[in-house]
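# A closer look at the structure
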Amino acid sequence: MTERRRYPSDLSDARWELVEPVLTAWRAERRGRGLDIGRPPNHDLRSLLDAVLYVNRTGIPWRYLPHDYPYWNTVYAYFARWQEEGVFDQLNSLLRRQVRRQ
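Residues numbered from 1 in each chain as written. Predicted model: local features only at pLDDT ≥ 70, side-chain atom pairs only at ≥ 80, totals over all residues. Heavy atoms only, no water.

### Observations regarding the side chain of Thr74
Within the secondary structure, Thr74 sits in helix 3 (residues 72–84). Note on Thr74: relative accessible area 18%, which makes it buried. If we ignore the near neighbours within four places in the chain, the residues touching Thr74 are His43 and Leu48. (Helix = DSSP H or I, 4+ residues; strand = E, 2+ residues; numbered from the N terminus. Buried < 20%, exposed > 50% of the residue type's maximum accessible area, 1.4 Å probe, protein only. Contact = heavy atoms within 4.5 Å.)

### Concerning the packing of helix 1 (residues 13–33) against helix 2 (residues 45–58)
Two elements in contact, helix 1 and helix 2, have axes separated by 10 Å at closest approach and are oriented at 110 degrees. What the angle tells us is that helix 1 and helix 2 run roughly perpendicular. By crossing handedness, the relation of helix 1 to helix 2 is classed as right-handed. Contact with helix 1, carried on its side by Asp13, Trp16, Val19, Leu23, Thr24 and Arg27, involves Leu45, Arg46, Leu48 and Leu49 of helix 2 and no other residues of that element. (Axes fitted to C-alpha atoms, helices over the stretch in contact; angles between N-to-C directions. Parallel < 35°, antiparallel > 145°, perpendicular 65-115°, else oblique. Left-handed = near helix turned anticlockwise from the far one by under 90°.)

### Describing a positive patch on the surface
Taken together, the side chains of Arg96, Arg97, Arg100 and Arg101 present a region of like positive charge at the surface. When you line up the elements, Arg96 lands in helix 4 (residues 87–101). (Patch = residues over 30% accessible without salt bridge, like charges linked within 9 Å, V, L, I, M, F, W, Y side chains within 5 Å. Areas by Shrake-Rupley, 256 points an atom, 1.4 Å probe, with all protein chains shown as cover. Salt bridge = Lys/Arg side-chain N within 4 Å of Asp/Glu carboxyl O. Lys, Arg positive; Asp, Glu negative; His and termini not counted. Charge placed at Lys NZ, Arg CZ, Asp CG, Glu CD.)

### Focus on the side chain of Asp50
For Asp50, the position within the fold is in helix 2. The class of Asp50 is buried, set by a relative accessible area of 0%. Setting aside its immediate chain neighbours within four residues, Asp50 contacts Arg4, Arg6, Ser9, Asp10, Leu11 and Tyr69.

### Considering the packing of helix 1 against helix 4
Their axes nearest at 10 Å, the elements helix 1 and helix 4 cross at an angle of 150 degrees. Relative to helix 4, helix 1 is oriented roughly antiparallel. Considering the relative orientation of helix 1 and helix 4, their crossing is right-handed. For the pair helix 1 and helix 4, contact is made by Leu18, Val19, Val22, Leu23 and Trp26 and by Val87, Gln90, Leu91, Leu94, Leu95 and Gln98, respectively. Residues that form the contact of helix 1 with helix 4 fall into these classes: 9 nonpolar, 2 polar and no charged. (Nonpolar A, V, L, I, M, F, W, Y, C, P; charged D, E, K, R; others polar.)

Any functional reading would require information that these geometric values do not contain.
Dropping the structure here:
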């Protein structure tokens, strides 16, 4: 599989390093709540977050998401779960703490 072209809205490597532990912990916690049956998730969390940021930055409808991101309905499903389960609030708090330290 070839590396996709980066968009201006994508996270830098440094920013991804800040938020990756929160998303990885969310996935592990969510997986731990389940029955541990079925297929494990195969979507890259960074790609999903980059897609959400692309929609946020450009204002496009979800269905217009470029094809080099995961399917729009997958991205939207993750976005809805993250919003419902407070992941964006956690990320906001994390980034706020970083800014205050600086």
